[in-house]
Amino acid sequence: MRDTATPSIPRIEPVPEGIARPLWSVMIPTYNSGEYLRKTLQSVMAQDRGPERMEIEVVDHCSTEGDPEALVKAVCGSRVAFYRRPKNEGAVANFNACIQRSRGRLIHILHSDDYVLPGFYAEIERLAELYAEVALLATRCFFVDENGIITGVTTRVPELEKGGRSVNTLYYATSMQFPAVVIRREFYEAHGGYMPSLVHTCDREMWARAVSSEGGVISTNVLACYRESPSNESAAVGRSGENVRDFLRLAEVFRKRYPGFSSRRARQIAAHMALRQARRFSALNDTDSAKSNWRLWVENCSWLDRLREGVRPWARRVFGRDQAYRG
C-alpha cells in the first residue's frame, strides 16, 4: 500500500496495458558525465540480455557539456535509447523520470559515472527468483576514484543476506550504494518514487522504505563500482554543508517513520560530519566553506562537544600535536 502519509512522495504510474514488458530496465541518468558515460555503457553492454529481456535507456538531464547522445550512438549504436529531458529540474526529478519511463519489472538506475562488474545482472536475477517476495535486490559495491582505482568496499549487512526487513543499518549511515541496488517496479507503483524534499539522501530514504515495507536482500558478492571524484556533486555539497542539512532532513523523516530511530544520535552524527568538513576546508584555506560547516557544527553539537573542541588547541600547545586530544 502506498505511503499516503507523506505527500511529498510522487506517484509512479503503472506501465500501460499492452506494452511489452522486459525483465530489466537499466535506466542511466546523466548530466555532464563526459567520458565516464562510456565506461558505464560498456559495463552494461557486456552483460546485455537482448532487447526482449533488457531495456536500456540513457536519460539526459539537459547536459551543457559534450554530446551524450553522440557518445551513446558511438558505443551502442541503436541498441540503447536516448532521451533528453525538456528542462533541468534537479537530480531527484531525473531519477523519478527514469522510473516512470521504464517498462521492465526490475529497475536498475545506474548513474553515468558508475558501472557494474561482470556477473551483476546474473546475480540479481538469481536473487529475484530466490527471494520473489522482496522489493530490493542488491550486491556489495566497490568505491573507486576518478581513475577507476579501488579505494574501498561497502560493508556486509548480515541482517539482509538471507532476506529481511531490518533497516537499522540505514538509520545513520549508507550500507549500500546506488549502482548496486535494483528495485522492482511494482514497489515503485505501490509506494511512489524518490522524495524531492531530499537530495543527497533520497536514495537512503528509498532503500529504507523498500526494505521496511516489502523486504530486501543483499548478496555478499561485490559486483558494482561507485565512483568518488573531487569534481562530482557529492564532493561539492560538502563545501556548503548541504550534505549535513540533507542528513538532518532525512533524520526528521526517519524520526516520524521508525520508532527505533534516535534523533539525538542523528544530530551527534550531523555535528561530527560538519566539524570534520570544517577542519578539512580550514586546512585547505577555504575559509567560506570552513565557516559554513563550523556554523552547522555549533547548531547541532552538545555543550560537551564545544568544551572538548575549546580545549583541543590548548592541549596541542601543552602536550604537542601527537599527544593532544583528537576529536
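### Description of unusual backbone geometry
Inference 1: The backbone of Cys62 shows a phi angle near 60 degrees, a positive value even though the residue is not glycine.
Inference 2: Along the polypeptide, Cys62 turns up in the loop between β2 (54-60) and α2 (68-76).
Inference 3: Taking the relative accessible area as the measure of exposure, Cys62 reaches 12% and is therefore buried.
Inference 4: Unusually for a residue other than glycine, Asn285 sits at a positive phi of about 60 degrees.
Inference 5: Turning to its location among the elements, Asn285 is positioned in the loop between α9 (263-283) and α10 (287-300).
Inference 6: Exposure remark for Asn285: the relative accessible area of 68% places this residue in the exposed category.

### A look at the side chain of Asp114
Inference 1: Among the secondary structure elements, Asp114 is positioned in the loop between β4 (106-109) and β5 (115-116).
Inference 2: For Asp114, which is buried and forms no salt bridge, the nearest opposite charge comes from Arg227, at a distance of 5.7 Å.
Inference 3: A polar contact of 2.9 Å, which involves the side chain of Asp114, links it to the backbone nitrogen of Arg227.
Inference 4: Every residue in contact with Asp114, bar those within four places of it in the chain, is listed here: Thr40, Pro179, Cys225, Tyr226 and Arg227.

### Quick notes on the packing of helix α6 (residues 202-214) against helix α8 (residues 242-257)
Inference 1: Look at α6 against α8: their axes get within 10 Å of each other, and the N-to-C directions meet at 20 degrees. In terms of their interaxial angle, α6 and α8 are classed as roughly parallel. Both α6 and α8 take part in a crossing whose hand is right-handed. Contacts between α6 and α8 pair Arg204, Glu205, Ala208 and Arg209 from the former with Phe247, Leu250, Val253, Phe254 and Arg257 from the latter.

### Observations regarding the side chain of Thr40
Inference 1: Structurally, Thr40 is set in helix α1 (residues 36-45).
Inference 2: In terms of polar contacts, Thr40 uses its side chain to reach the backbone carbonyl oxygen of Ser112, at 3.0 Å.
Inference 3: Separated by 2.6 Å, the side chain of Thr40 and the backbone oxygen of Asp114 make a polar contact.

Calculation criteria
- Residues numbered from 1 in each chain as written.
- Predicted model: local features only at pLDDT ≥ 70, side-chain atom pairs only at ≥ 80, totals over all residues.
- Heavy atoms only, no water.
- Helix = DSSP H or I, 4+ residues; strand = E, 2+ residues; numbered from the N terminus.
- Buried < 20%, exposed > 50% of the residue type's maximum accessible area, 1.4 Å probe, protein only.
- Lys, Arg positive; Asp, Glu negative; His and termini not counted.
- Salt bridge = Lys/Arg side-chain N within 4 Å of Asp/Glu carboxyl O.
- Polar contact = N/O pair within 3.5 Å; in protein donor to acceptor, adjacent residues only side chain to side chain.
- Contact = heavy atoms within 4.5 Å.
- Axes fitted to C-alpha atoms, helices over the stretch in contact; angles between N-to-C directions.
- Parallel < 35°, antiparallel > 145°, perpendicular 65-115°, else oblique.
- Left-handed = near helix turned anticlockwise from the far one by under 90°.

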